[in-house]
Amino acid sequence: MSFEVRPEQPADRDDVLRVIAAAFDDHGEVVADIWATLGHHKRAGLVVEQGGHVLGHVGLSRAWVDARPALVEVWVLSPLSVVPERQNQGIGTALVAAAVETARESGVPVLFLEGSPFYYGARGFERADRRGFLPAALERSPGASFQCVCFDGLEDWMRGQLIYPDTWWTHDSAGLRDPRLAELEERFDSLE
Ligand SMILES: CC(C)(COP(=O)(O)OP(=O)(O)OC[C@H]1O[C@@H](n2cnc3c(N)ncnc32)[C@H](O)[C@@H]1OP(=O)(O)O)[C@@H](O)C(=O)NCCC(=O)NCCS
């Protein structure tokens, strides 16, 4: 099934926050609050809507790569949310594809995320450490989960650590913490 993806509008705010909270379950309120408080770091939001209901959302916000000559603005794809009752129907895939194209068209050199390599690896993302990038939480991101899509504007000198705006840190949402960190390291072991 194909889904129409459109830009998030200010009027979508409450619906989007509800979709994020529902998708992330126990962690939903924290993740919704990240999107609500990213403020001027937000770059774009995209939604899938059907019959007046928002079914899915993806957020794009800025971060930086701390390269030797300069900070480089890059984008981060997060959060990606589909309402539980409509998961596994292709909505997430449509949102990821549209997010990658939106980032590409913006001229930003790299789009990063932290997430399942099984999901995002099949949707155009590759391991970011193999491209010379370090995750924001150095000790707390399984190698295979720190991923990126590189665009034409990427130059050789643009290598270094990903730096998140403070919103990710104030929500303790850079990288992962045990026991989830250990669980995912084990799950992604086969990919190392
Ligand atoms: C992850 C999520 C966005 C996927 O959206 P979706 O619309 O359900 O996914 P799609 O229909 O496009 O793709 C379905 C495929 O993704 C897989 N998938 C779903 N969630 C996954 C996950 N967390 N990890 C790995 N694969 C996952 C399904 O098994 C299915 O695989 P298949 O195509 O081989 O059968 C959605 O399940 C969701 O909102 N989950 C809760 C929030 C979350 O975990 N967000 C991502 C954080 S990085």
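A brief report on the enclosed structure follows. Every residue gets a number counted from 1 within its own chain, in the order that chain's sequence is written. Given that the model is predicted, a residue must reach a pLDDT of at least 70 before its local features are reported, and side-chain atom pairs must reach 80 or more before they are shown or counted; all residues, however, enter totals for whole chains, interfaces and linings. Calculated side-chain values reflect all of the structure's heavy atoms, with hydrogen atoms and water omitted.

## A few points about the layout of surface pockets
Stated formally: A pocket, in this scheme, is an open set of points on a 1 Å grid over the protein atoms alone with protein on both sides within 12 Å along at least 5 of 7 lines, while a cavity is a set where a 1.4 Å probe fits but cannot get out; residues line either one if an atom lies within 4 Å of a point. Grid points are joined across faces, edges and corners, and a volume is the space filled by probe spheres set on the points. Per the convention used, a helix needs a DSSP run of H or I reaching at least four residues, while a strand needs a run of E reaching at least two, with both numbered from the N terminus. Side-chain classes follow a simple rule in which Ala, Val, Leu, Ile, Met, Phe, Trp, Tyr, Cys and Pro form the nonpolar group, Asp, Glu, Lys and Arg form the charged group, and the remainder, Gly included, forms the polar group.
Space inside the largest pocket adds up to approximately 1,400 Å³. What lines the largest pocket is a set of 41 residues, and nearest its centre among them are Phe 24, Leu 80, Glu 114, Gly 115 and Tyr 120. Broken down by secondary-structure element, the contributors of at least two residues to the lining of the largest pocket are helix 2 (28–37), strand 4 (71–82), helix 3 (91–106), helix 4 (117–120) and helix 6 (180–187). The element best represented in the lining of the largest pocket is strand 4, accounting for seven residues. For the lining of the largest pocket, a count of residues per class yields 18 nonpolar, 14 polar and nine charged.

## Thoughts on the environment of Asp 33
Mapped onto the elements, Asp 33 comes out in helix 2. The spacing of Asp 33 and Glu 4 is 29 residues in sequence and 26 Å in space, taken between C-alpha atoms.

## Overview of helix 1 (residues 13–23)
The criterion, for reference: Each residue gets one of three labels from its accessible area relative to the maximum for its type: buried under 20%, exposed over 50%, partly exposed in between, using a 1.4 Å probe on protein chains only. Whether two residues are in contact is decided by their heavy atoms, any of which lying within 4.5 Å being enough.
All of the buried residues in helix 1 are Val 16, Leu 17, Val 19, Ile 20 and Ala 21. For helix 1, the secondary structure elements touched by its buried residues are helix 2, strand 2 (42–50), strand 3 (53–66) and strand 4. Looking one or two places after helix 1, you find Asp 25, whose phi comes out positive at around 55°.

Shape descriptors only; they carry no functional weight alone.
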